Every structure is written in structure tokens, then in C-alpha cells.
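# An overview of the molecular structure
Listed here are the chains, written in short residue letters.
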Amino acid sequence: MAELSDVYFVDGMRTPFGRAGEKGMYWNTRADDLAVKATIGLMERNAEVPADRIDDVAIAATSQTGDQGLTLGRSVALLAGLPQTVPGFAIDRMCAGAMTSVTTMGASIGVGMYDLALAGGVEHMGRHPLDGSNVDPNPRFVAEQLVSADALNMGITAERLHDRFPHMTKERADRFGMLSQHKVQAAYDAGKFQDDLVSVAIKDASGAWGLASEDEGRRPQTTMEGLAALKTPFRPHGRVTAGTSSPLTDGATMSLLAGGGAVKELGLKPKMKLVSFAFAGVQPEVMGIGPIPATEKALKKAGLSITDIGLFELNEAFAIQVISLLDHFGIDDEDPRVNQWGGAIAVGHPLAATGVRLMIQLAAQFAERPDVRYGLTAMCVGLGQGGSVIWENPNYNGKKK
């Protein structure tokens, strides 16, 4: 009979993230090939894990069509050279796709059904822009006033947060966006990202080959003066700009999860232990506050308070999303515990892939911070949702820094 098990994040890797569109480095690269590269890189780095022991592969994508369709978990597993005995499936929870891949596989491990699993996500927003994915929202949403007609426009939902919380000013958002750019570049300069990136062979419009080895969309020269001059595309005289928004992005992520028995049997060295997770729904019109109730639920399930969290990796879909969560919990915008290596405003947000990117960064920070016991990865989700996962640091030594 299966027994309950602890769940561990053993490792995670990702492709560099590229700008979406014809000028982006992945314009001539297939979406499924990005996921394949992340999978191969992860399995090669964890060669002590027998590939035929992987119980399942969950890969998320928001636009599941074309080269981003065909049951990604299974197709990518086959393309990555995993044994044909390894099954797989696809997941969609929009921005929290990879996060849901992890929690779904983690829950399966936790109840003793699986020992080892791969979980990740991919989004090629150049090939599959959200406004071109043949999505057909049910007309009842608007006809019955269930959802505002513009609730699917994430920029509008961000503007509404500024409306609802006027003390969260454009200047605060601009500063948060600027610092994200600066922190990401500082992290690159210090070599914080490079070990977890899988280089991808790319081909440009002329047919010349190159190598994608770094995130493409960084703007480390960003200044407050420059941000103040940017247009507000979602509303005349608005407060949300390209400088306080995550750019359209292509990329893939993959993680290796294991139960306690497999960790012991194979001599694995996990980077994080799953403590709790939760998803919550909010008004779609203000979807950016979704991580607040999700975090409250996850904290309650874990028997923790927000003061127990020593490191935060919060998705920067928009600066205002992160600021709203920090404000709710009484945390300063520039608290050093929060996104200390920057976030999606600088590196990009390939929707369904991002959840595991947050986990990869938190795991790397845990390795440097044995004084921190708990960390949080959290993100907002389109159509009014939020997701949060609390992790424990296996390196924790109980000593305050």
C-alpha cells in the first residue's frame, strides 16, 4: 500500500528567455524544442536518476496549439529521448502553468503514487501570441456581466489595481521596474543565473547559426527619467508602461521532483522541500491581487505567518502586482528578501514557463542562505487567480545571519 511521502524539488533548469516576435532570438525555433532542451539539460545534470524511473512528465502551455500542442508532456518526453515507457501530459493554468505542473506532480508524489517526476512549462509567445491563439471566450461572460469585456487584457487589470489602491503610485511602480533591471544585471555579473541556463542553438533570418546563452530582453541602463517618459499603452494618461510590465517572451523551464524514498535510494541532494501550496480565485478584473489570498491559504496550511518567510520570489507580471502583495503584508517595496536577483520585468515572462523559473531562483538563493528556513514563490494568473508555493531550505542551520 502506498504511503504518504515528503516532496522535494531536486533540481531545475531553463532555457534563456528570448524576446517574442520576428526580432527575437527564438523566432525560428520550435516551442516544443525549447522544452526538449530544458529537459535534456536537466536529465544530463542529474545523470544519477535513471530515466526509466520517471513516473510522469507534466508540461504546461497557455496556447496549446501547433508546435505547442500535441500533449506536450508526452511529445517532449519522446523527443528528449526518455524511454517510451515514460508517460506525459499537458497542463494549462495560464501564467501559473509550470507552477501547477509542479504542484500536481508534487501531490502525486506526496500521496505515494509517484517517486520521480518532471514538471515544467513552455511558452513561445512569438509563435503563439495570446490574441492569436483562436481563443473564443463564451459570450455569456459579457452578456451576463460575469466578467468585464476587457478582463482578458492583463494591462487593463494592472491599471485597475492602481485605481483601487491610489497610494500605489506610478512612481513606486517605476522604481520597482528600474530596480528589477538593475538587480538582474547585477546577478548576471555575479554569475548567479548562468549555471541553471541550458544553451540553445538558434538560427537567424539569414540562416546563420548562433547560441542563445543569456536572457535577451534585459535593459540594465533603465533610469527613472526614462521610465517617466514612456507611453501608457493600456489607457490614456495611465500608469502602466512597458517599463513596469513583463515583456512578451519565449522560453521553457523544467524541474525534477522526488519523494523521500527516491531521494534516499538514489542519494539525491534536493534543493528544496515542498511545505504547502494553494491557488485562489479573485475578480478577473483585478487578477493581480490573486497571490494575496493564495499566499494566505498556503501560510494557513503550513501553520506559518508571513514573518516566517525569509525569501520571496514573486512574479513581476507587472510591478503593481508585486507591490500590491507587499503592501498587503506590510513589506517594503525594496525589502532585500524580495526578488533579490530581479524578476520578470527584466528577464521576461513566458507565461506557463515562469513558475519553475521562480523556483530555480529561490533554490539557488537557498543554497547561499542557510540562515533562511522558508521561501515563497507566488504569481498572479489570468481570469482572476493566484498561486503560491511555500518551500523549506534543506540547508537551514538555524543560525540568523
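Residues numbered from 1 in each chain as written. Predicted model: local features only at pLDDT ≥ 70, side-chain atom pairs only at ≥ 80, totals over all residues. Heavy atoms only, no water.

- The name given to the protein chain in an unreviewed UniProt entry is acetyl-CoA C-acyltransferase, with Microbacterium marmarense as the source organism.

## Considering the UniProt feature "domain: Thiolase C-terminal" (unreviewed entry) in the protein chain
- When the UniProt feature table is mapped onto this chain numbering, "domain: Thiolase C-terminal" (unreviewed entry) sits at residues 269-392.
- Taken end to end, residues 269-392 is 33% helix and 26% strand, and its first and last C-alpha atoms sit 14 Å apart. (UniProt positions renumbered as here; feature names shortened; annotations may be inferred. Helix = DSSP H or I, 4+ residues; strand = E, 2+ residues; numbered from the N terminus.)

## Looking at the environment of Leu79
- In this fold, Leu79 is placed in helix H2 (residues 72-79).
- Residue Leu79 is classed as partly exposed on the basis of its relative accessible area of 49%.
- Each C-alpha atom of the pair Leu79 and Phe165 lies 47 Å from the other, and the pair is 86 residues apart in sequence.
- Leaving out residues up to four positions away in the same chain, Leu79 has contacts with Asp32 and Val36. (Buried < 20%, exposed > 50% of the residue type's maximum accessible area, 1.4 Å probe, protein only. Contact = heavy atoms within 4.5 Å.)

## Quick look at the packing of helix H9 (residues 291-302) against helix H10 (residues 319-328)
- Relative to each other, H9 and H10 sit at 45 degrees, their axes nearing to 9 Å. Classified by the angle their axes make, H9 and H10 are oblique. In terms of crossing hand, the pair formed by H9 and H10 is right-handed. Facing H9, whose interface residues are Pro291, Ile292, Thr295 and Glu296, H10 presents Ser324, Leu325 and His328. (Axes fitted to C-alpha atoms, helices over the stretch in contact; angles between N-to-C directions. Parallel < 35°, antiparallel > 145°, perpendicular 65-115°, else oblique. Left-handed = near helix turned anticlockwise from the far one by under 90°.)

## Let's talk about the pattern of salt bridges
- Enumeration according to the criterion identifies 24 salt bridges in this entry.
- Across the salt bridge formed by Arg14 and Asp215, the nearest N and O atoms sit 2.8 Å from each other. In this pair, Arg14 sits in strand S1 (residues 7-14) while Asp215 sits in the loop between strand S7 (209-212) and helix H7 (224-228), placing the two residues 201 residues apart along the sequence. Like Asp215, Arg14 is buried.
- When the shortest N-O distance is used, the salt bridge between Glu214 and Arg218 registers 3.1 Å.
- For Arg218, a relative accessible area of 18% translates into the label buried.
- A network of salt bridges, in which partner residues are shared, links Asp11, Arg45, Asp196 and Lys271. (Salt bridge = Lys/Arg side-chain N within 4 Å of Asp/Glu carboxyl O.)

## Here we look at the packing of aromatic side chains
- Throughout the structure, instances matching the rule amount to five aromatic pairs.
- With a centroid separation of 6.2 Å and an interplanar angle of 80 degrees, the aromatic rings of Phe234 and Phe318 are classed as edge-to-face. Taken together, the residues span a long stretch of sequence, with Phe234 in the loop between H7 and strand S8 (249-259) and Phe318 in the loop between strand S10 (309-314) and H10 at a distance of 84 residues.
- Since its relative accessible area comes to 7%, Phe318 is described here as buried. (Phe/Tyr/Trp six-rings, centres within 6.5 Å; stacked < 30°, edge-to-face > 60°.)

## Remarks on the pairing of S1
- With eight of its eight residues buried, S1 lies for the most part within the structure.
- Note that S1 and S8 share seven bridges and pair antiparallel. Each bridged residue has a counterpart across the sheet, and for Tyr8 the counterpart in S8 is Ala258.
- Where S1 lies against strand S9 (residues 272-281), two bridges are found, and the strand directions are antiparallel. Across the sheet, the residue bridging to Phe9 is Met272, located in S9. (Pairing = 2+ DSSP bridges.)

## Considering unusual backbone geometry
- With a phi close to 45 degrees, Asn339 is a non-glycine residue in the positive phi region.
- Its relative accessible area of 0% is what places Asn339 among the buried residues.
- Within the chain, Leu383 stands out as a residue other than glycine whose phi angle is a positive 65 degrees.
- Relative to the elements of secondary structure, Leu383 occurs in the loop between strand S11 (374-381) and strand S12 (385-392).

## Topic: H9
- Taking 1.5 Å of rise per residue, the 12 residues of H9 would be expected to cover 16 Å, and the 16 Å separating its terminal C-alpha atoms lies within 8% of that figure.
- In this fold, the buried residues of H9 make contact with S9, S10, H10, S11 and S12.
- The first or second residue beyond H9 is Gly303, which carries a positive phi of 70 degrees. (Expected span 1.5 Å × (residues − 1).)

## Quick notes on the nonpolar core
- The biggest cluster of nonpolar side chains holds 38 residues, and the ones touching the most others in it are Ile54, Val57, Ile59, Leu116, Leu118, Val122 and Leu268.
- Elements with a minimum of two residues in this core: S1, helix H1 (31-45), strand S3 (56-60), H2, strand S5 (116-124), strand S6 (200-203), S8 and helix H8 (260-266).
- Those residues in contact with Val122 that lie beyond four places of it in its chain are Ala31, Leu34, Ala35, Ile59, Ala60, Ala61, Gln68, Leu72, Gly251, Ala252, Ala352 and Ala353.
- Counting 36 residues, the second-largest nonpolar core is a separate cluster that includes Phe176, Leu314, Leu326 and Ile390. (Core = buried A, V, L, I, M, F, W, Y, C linked by side-chain atoms within 4.5 Å.)

## What to know about the side chain of Ser245
- As for its position among the elements, Ser245 is in the loop between H7 and S8.
- Only 2.6 Å separates the side chain of Ser245 from the backbone oxygen of Thr241, close enough to count as a polar contact.
- Filtering out sequence-adjacent residues up to four positions away, Ser245 remains in contact with Phe234, Val240, Ala317, Phe318 and Ile345. (Polar contact = N/O pair within 3.5 Å; in protein donor to acceptor, adjacent residues only side chain to side chain.)

## Points about the state of the cysteines
- Tallied over the full model, the rule gives zero disulfides.
- The cysteine Cys380 is free of any disulfide, with Cys95 supplying the nearest cysteine sulfur at 6.0 Å.
- Exposure remark for Cys380: the relative accessible area of 2% places this residue in the buried category. (Disulfide = S-S within 2.5 Å.)

## Some points on the packing of helix H6 (residues 170-189) against H10
- Running from amino to carboxyl end, H6 crosses H10 at an angle of 105 degrees, the nearest separation of the two axes being 9 Å. The angle between the axes of H6 and H10 places the two elements in the roughly perpendicular class. Mapping the contact onto sequence places Arg172, Ala173 and Phe176 in H6 and Ala319, Val322, Ile323, Leu326 and Asp327 in H10.
- A class-by-class count of the residues in the contact of H6 with H10 yields six nonpolar, no polar and two charged. (Nonpolar A, V, L, I, M, F, W, Y, C, P; charged D, E, K, R; others polar.)

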